[in-house]
Structures are given as structure tokens and as C-alpha cells.
Amino acid sequence: MIPGSDREHPTFIRSFSFAIEGFLTAVRTERNIKVMLAIGAGAIAAGVAIGLDALSWCVILVCCGLVIHAELINTAFEAAVDLATQELHPLAKRAKDIAAASVYVLSITAAVVGSLVYAHALGWL
């Protein structure tokens, strides 16, 4: 149910359509989502090229999913902050910067984990 509304709660299928709509909106409007998807596609292509085992695939796919998830959450958070204030408020900047930093930390962690997975698959470790 939508707060303050008498409208019914959307069906399970309709909820998926909202999620897909949100994802497509993010892809159309946010450069960083496009970058993360391109890097994820590259990671998948590299995995196919070197023939990752099942466990390595799980690690790579979870890392890719987590980074894209974090970027989507960051995008939603920034939109909510922008909705809450139109002025350049120091707390709004702080909140947005910290949310962006969380994506940065996760991206670096995923890159290190991915490097270890590929190095192991290539016999370098």
C-alpha cells in the first residue's frame, strides 16, 4: 500500500516491473551504472576466456552484483537527498560523499578479489 493512499498494494509481478523500470532509469541517466556494467561485462568475458571454475564464477558474479547494487543504492540515496534539499547544505554533501565512498570501497575490494580469482585461475598464485 502506498502511504496516505487507499490504493491496493501492487502485485508481485507489478513490483518486478517497478524494479526493472528503476534499473533502466538508472542505466539511462547515470554514467557510473554504465561504467560498472561495462566493467562487469569485461569481468564475465575474462572469466569465459580463461575458463573459471564454478566457485570462481560465484565469487566474480557476487562481486559484480554487489558493486552494481551499491551503485544503485547510492544513486537512490543521492536522489532522496536532492529531493530533501535544493540548497547546497554541508550535511547533504557529507551524506552524498559518504554514500559514494561506500561504492568506492566496495569497488576496490571487488577489484582486489577479482584480481586474486583471475590470478589463481591463470596459475599465478
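It should be emphasised that the depicted structure is a prediction, and the values quoted were computed from it without experimental measurement.

Asker: Quick one: what's the story with helix α4 (residues 90-121), residue by residue and with numbers?
Answerer: A rise of 1.5 Å per residue sets the reference length of α4, with its 32 residues, at 46 Å; its end C-alpha atoms lie 46 Å apart and thus fit the reference within 8%. Residues A92, A99, V103, S107, A110, G114, V117, Y118 and A119 constitute the buried set of α4. Packing partners of the buried residues in α4 comprise α2 (31-50) and α3 (54-84).

Asker: Describe the packing of helix α1 (residues 12-29) against α2, naming the residues involved and giving the relevant values.
Answerer: Running from N to C, α1 and α2 cross one another at 100°; their axes reach a closest spacing of 5 Å. One finds that α1 runs roughly perpendicular with respect to α2. Taking contact as the criterion, the partners of F23, A26, V27, R28 and T29 in α1 are, on α2, R31, I33, K34 and L37. Tallied by class, residues from the contact of α1 with α2 come to 5 nonpolar, 1 polar and 3 charged.

Asker: Hey, could you go over the pattern of salt bridges for me, with residue numbers and the actual values?
Answerer: Using the criterion set out here, one finds 2 salt bridges in the structure. Between D82 and K96 there is a salt bridge whose closest N-O contact spans 2.6 Å. Here K96 lies in helix α4 and D82 lies in helix α3, a separation of 14 residues in the sequence. The class for D82 is partly exposed, based on a relative accessible area of 37%. Its salt-bridge partner being D97, residue K93 comes within 2.4 Å of it at the nearest N-O pair. With K93 and D97 both in helix α4 and 4 residues apart, this pair spans about one turn of that helix. On the basis of relative accessibility, which here comes to 53%, the residue K93 falls in the exposed class.

Cut-offs and rules
Residues numbered from 1 in each chain as written. Predicted model: local features only at pLDDT ≥ 70, side-chain atom pairs only at ≥ 80, totals over all residues. Heavy atoms only, no water. Helix = DSSP H or I, 4+ residues; strand = E, 2+ residues; numbered from the N terminus. Expected span 1.5 Å × (residues − 1). Buried < 20%, exposed > 50% of the residue type's maximum accessible area, 1.4 Å probe, protein only. Contact = heavy atoms within 4.5 Å. Axes fitted to C-alpha atoms, helices over the stretch in contact; angles between N-to-C directions. Parallel < 35°, antiparallel > 145°, perpendicular 65-115°, else oblique. Nonpolar A, V, L, I, M, F, W, Y, C, P; charged D, E, K, R; others polar. Salt bridge = Lys/Arg side-chain N within 4 Å of Asp/Glu carboxyl O.

These figures come from the coordinates and say nothing about function on their own.
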